[in-house]
Structure formats: C-alpha cells, structure tokens
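What follows is the residue order along each chain.
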Amino acid sequence: MKPRGLPICYYPSTIVFIDDDPTLLNAVTQELQPYAPCKTFTQVEEAIHYIRLHGRKNFGDRCVIDDPFNEHQIHQQIYHAERFADIGLLVLDYQMPKKNGLQVAEMLSDLNIPTILLTGEADETLAVEAFNSNLIDAYFRKSTPHLTELLIKKIYELQMRHFMNVSLNMASLLSDRKTQPLSSGFHDRHFIAFFKQFLQANHFTEYYLYQCPGDFILLNGVGKPIWFIVKERKEMD
C-alpha cells in the first residue's frame, strides 16, 4: 500500500542487505548507491548484531526531545550526519545457510523495519504467506526481469511509508499547539505529486519541514539547501 499524505521529513536512510551471494550483493548495491546508502552482509549473525545496534534509531526520536515540541526541531536534523545510518529498510534473501530470510525477519520483527524478501520460484508460497501475515512488506523472485529497477521503486515507496508513519506522531503534536496548522497540501494528491516531481527534477534527495504551515528546506546530493515556501490560496488573495 502506498503512503497516504506527505511525510514532514525525508532523507535517504540505510538499506541493509543480507544475502550469502556476494556477487548479487555487489551488483544490486552498485545500482542502488546513488539513491540510498547500503550496508551488505553475507553472515546472518553479523547482520543481526548491526541491525539491533542501529535499527531503533529514527528522526522522530531525535526530534521529539523538547516539551513542547516545535517544528524547528525537524530541520535541525541536517546537522546530524548520523541520520543516514538510520536503518530504513531490510532486503533479505530467503535461501541462506543456518537461518532463512523469513526466520531473520521474525527475529527482527519487533523493530518494525520495512522488509523485502528475495526468493526463488519454489519459495514463493512461503513469501505470500509471510506478506499476508505482515511479516514482510514485499517480495521479488531473484529471476524477475529488471529486478534492480523494481527494487529501487519499491524501496523508495517503503521508505516514504516508513517516514509517513513516524511523521504522524509529530504531526499530531504540531496540531495540538495553538499556532498555525500544517498546510492542507500534506494531504492533497496534486500537491504531493507536484512536490515529488519537483524534488526528482531538481535532484533533491532530502527535505525537512522548516515552519508551519508548510515551508521546507530541501537539500541535494551534496548538501546544498534551498527554501521551498508553500502558501494556501487564501494567503495569496
């Protein structure tokens, strides 16, 4: 399911791959590196230790540190270089020695990290069951044509959904304040489509709500910022 609404913040968080085939890992991550940082593991135990160490961190925990919460804490994330180490997604191979991908997903399910499973044709029934029980968020056969292209698209979708889920709590905190509410554009599909197209066309890789109702700081791949100002129609009359 695609996320409904626009997260109040987005940046490329780390994708963790676990696969005992280093050739496949290298091929896929080379294609993905321009879109998001990648961390690869061929050993399950090492991967689980790393994920446990980093998997509970997200921008919501760093933002909601003051009472009352205010939106200026959101764009302060640009000063936290460690934000890119936040784990935003797991990509697990099903066929691995010692533990298969679904066993790993089960072990890490308490972290609520979006998870994609890579399978062989014989494993697809198990993948469907895991998807239907919400243990994983998507699955692909390794033999799927244009696998990397499909992975990139699904990874972006799941990362946006992850940020949307975290954003909901902060949006609620902002709405409780006796100040300007968030712009209606956060839930307007036309504005959301325009905003995403603007980001892509101008090579912006991250954005942060700067102030309500909906002004943003946008950053490109080398960290150059611009200010993106959103006005309601009634403010322009």
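Values in this document were obtained by computation on a predicted structure and should not be read as measured data.

**Student:** Go over the sheet that holds strand β1 (residues 9-10), please, and point to the residues and values.
**Tutor:** Taking strand neighbours across the sheet as the criterion, the four strands line up as β1-β7-β8-β9 in an open arrangement whose pairing is antiparallel. The open sheet has two edge strands with one neighbour each: β1 and β9 (225-228). Pairing geometry for strand β8 (residues 215-220) and β9, over four bridges, is antiparallel. Its bridge partner being in β9, L219 is matched across the sheet by P225.

**Student:** Give me the nonpolar core: which residues, what numbers.
**Tutor:** L6, F195, Y207, F216 and L218 are the most contacted members of the largest nonpolar core, which totals 26 residues. Of all elements in the fold, only β1, α7 (147-175), α8 (189-201), β7 (204-211) and β8 reach the threshold of two or more residues within this core. Residues in contact with F195, not counting those within four places in the same chain, are L6, Y207, F216, L218 and F228.

**Student:** I'd like to hear about the side chain of T14, residue by residue, with values.
**Tutor:** Turning to its location among the elements, T14 is positioned in strand β2 (residues 14-18). Only 2.5 Å separates the side chain of T14 from the backbone oxygen of F84, close enough to count as a polar contact. Each residue touching T14, except ones within four places of it in the same chain, is listed here: P37, C38, K39, F84, A85, D86, I87, G88 and L89.

**Student:** Summarise the sheet that holds strand β5 (residues 115-119); cite the residues concerned and give the values.
**Tutor:** Read from one edge to the other, the open sheet built from five strands follows the order β3-β2-β4-β5-β6, with strand pairing classed as parallel. Taken across any chain shown, the strands that pair with only one partner, and hence form the sheet edges, are β3 (38-41) and β6 (138-141). Here the average twist between neighbouring strands, direction ignored, is 20°. Relative to β6, β5 runs parallel, the two sharing four bridges.

**Student:** Pulling in residues and values, what's your account of the layout of surface pockets?
**Tutor:** The calculated volume of the largest pocket comes to roughly 950 Å³. Y10, Y35, I152, Y156 and Q200 are the residues nearest the centre of the largest pocket, which is lined by 31 residues in total. Secondary-structure elements contributing two or more residues to the lining of the largest pocket are α7, α8 and β7. At seven residues, the largest contribution of residues to the lining of the largest pocket is made by α7. Class assignment for the residues of the lining of the largest pocket results in 18 nonpolar, eight polar and five charged. Of the volumes computed, that of the second largest pocket is approximately 280 Å³. Lining the second largest pocket are 17 residues, and of these N134, L135, I136, D137 and R161 sit closest to its centre. It is α7 that contributes the most residues to the lining of the second largest pocket, four residues altogether.

**Student:** Any chance you could break down the pairing of β7 for me, citing the residues and the numbers?
**Tutor:** Pairing geometry for β1 and β7, over two bridges, is antiparallel. By the bridge assignment, C9 is partnered in β7 with Y208. In this structure, β7 lies alongside β8, joined through six bridges in antiparallel fashion. By the bridge assignment for β8, E206 is matched with L219.

**Student:** With reference to specific residues and values, describe the packing of aromatic side chains.
**Tutor:** As enumerated under the stated definition, the model contains 17 aromatic pairs in all. Ring centres of F41 and Y50 lie 5.4 Å apart, and the angle between their planes is 45°; this geometry places the pair in the tilted category. Its relative accessible area of 16% is what places Y50 among the buried residues. Relative to F195, the ring of F191 has its centre 5.8 Å away and its plane inclined at 25°; by these criteria the two rings are stacked. Here F195 and F191 lie together in helix α8, a separation of four residues that amounts to about one turn. For the pair shown, F191 and F195 are each scored as buried. Taken together through their ring pairs, the aromatic side chains of F191, F194, F195, F198, F204, Y207, F216 and F228 make up a single cluster.

**Student:** Outline unusual backbone geometry, supporting the account with residue identities and numerical values.
**Tutor:** The phi dihedral of H146 is positive, around 55°, even though this residue is not glycine. Its place among the elements puts H146 in the loop between β6 and α7. Look at H146 and you get exposed, because its relative accessible area is 61%. Positive phi values are uncommon outside glycine, yet H203 reaches one of about 60°. Here H203 shows up in the loop between α8 and β7. Taking relative accessible area as the criterion, H203 reaches 60% and is therefore assigned exposed.

Calculation criteria
- Residues numbered from 1 in each chain as written.
- Predicted model: local features only at pLDDT ≥ 70, side-chain atom pairs only at ≥ 80, totals over all residues.
- Heavy atoms only, no water.
- Pairing = 2+ DSSP bridges.
- Helix = DSSP H or I, 4+ residues; strand = E, 2+ residues; numbered from the N terminus.
- Core = buried A, V, L, I, M, F, W, Y, C linked by side-chain atoms within 4.5 Å.
- Buried < 20%, exposed > 50% of the residue type's maximum accessible area, 1.4 Å probe, protein only.
- Contact = heavy atoms within 4.5 Å.
- Polar contact = N/O pair within 3.5 Å; in protein donor to acceptor, adjacent residues only side chain to side chain.
- Axes fitted to C-alpha atoms, helices over the stretch in contact; angles between N-to-C directions.
- 1 Å grid on protein atoms, 1.4 Å probe; cavity = no way out; pocket = protein on both sides within 12 Å on 5 of 7 lines; lining within 4 Å.
- Points joined across faces, edges and corners; volume = space filled by probe spheres on them.
- Nonpolar A, V, L, I, M, F, W, Y, C, P; charged D, E, K, R; others polar.
- Phe/Tyr/Trp six-rings, centres within 6.5 Å; stacked < 30°, edge-to-face > 60°.

By themselves, these observations are geometric and do not establish any function.
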